[in-house]
Amino acid sequence: QADNSTDLVYAQILTHVGRIEDARKILNSTDCANHPGSFAYLSAWLTFYRDSGDTRNEETWARRMVAEIPEKSHGYAYLGCCLARQGKLQEAESVFRDGASRDGNPEELLYNLARVLCSELRLQEAYEVLKRALELDPDDERIVVAFDDVKLAMEFDADEKFAK
């Protein structure tokens, strides 16, 4: 019997380099399908569908990860990003907020939540969310840059309102 973890990593590599059908064959041949809650298996299929541009199935597998491993934040991150890419911003916001309270990387979910809030020009809320994310991980350069950008945008917005 093949080593499933090695197969799953190899399938992800094949997906990343565009060998979609080869990756699909490997994923279909793994016996991890009989193990609900296998993060590696769910993650491999999510990556496969995301990288092959199949948003519908990506969302289905992200929802499956949330359902099968609800205590971990990873599925929420996958699902929220998938929904945001589809323009389902309110649903993505809700998923990111829910996921930020789970075990894992809450700062990642807060960062993505702030991006959704910024896209809706809810800068004060984004500022507060990024402030929380920075408290959790002050060394994450993406969070630092996003926080500085939101502060600058808020200052610019205030200057524009004052000039009128």
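Right above here is the structure, for reference.
We now turn to the structure provided with this report. Keep in mind the model is a prediction, meaning the values are calculated, not measured. (Residues numbered from 1 in each chain as written. Predicted model: local features only at pLDDT ≥ 70, side-chain atom pairs only at ≥ 80, totals over all residues. Heavy atoms only, no water.)

### Quick notes on the packing of aromatic side chains
Here's step 1: Tallying each qualifying case throughout the model produces seven aromatic pairs.
Here's step 2: Note on Tyr41 and Trp45: the rings are 6.4 Å apart at their centroids and 75° apart in plane angle, and the pair reads as edge-to-face. Of this pair, Tyr41 and Trp45 both sit in helix H3 (residues 39–51), four residues apart, roughly one helical turn. For the pair Tyr41 and Trp45, one class covers both residues: buried. (Phe/Tyr/Trp six-rings, centres within 6.5 Å; stacked < 30°, edge-to-face > 60°. Helix = DSSP H or I, 4+ residues; strand = E, 2+ residues; numbered from the N terminus. Buried < 20%, exposed > 50% of the residue type's maximum accessible area, 1.4 Å probe, protein only.)

### A word on helix H7 (residues 106–119)
Here's step 1: Here H7 spans 20 Å end to end across 14 residues, near enough to the 20 Å set by a 1.5 Å rise per residue.
Here's step 2: Burial analysis of H7 places 10 of its 14 residues in the buried class, the great majority of the element.
Here's step 3: Residues of H7 that are buried include every one of Pro106, Glu107, Leu109, Leu110, Tyr111, Asn112, Leu113, Ala114, Val116 and Leu117, and no others. (Expected span 1.5 Å × (residues − 1).)

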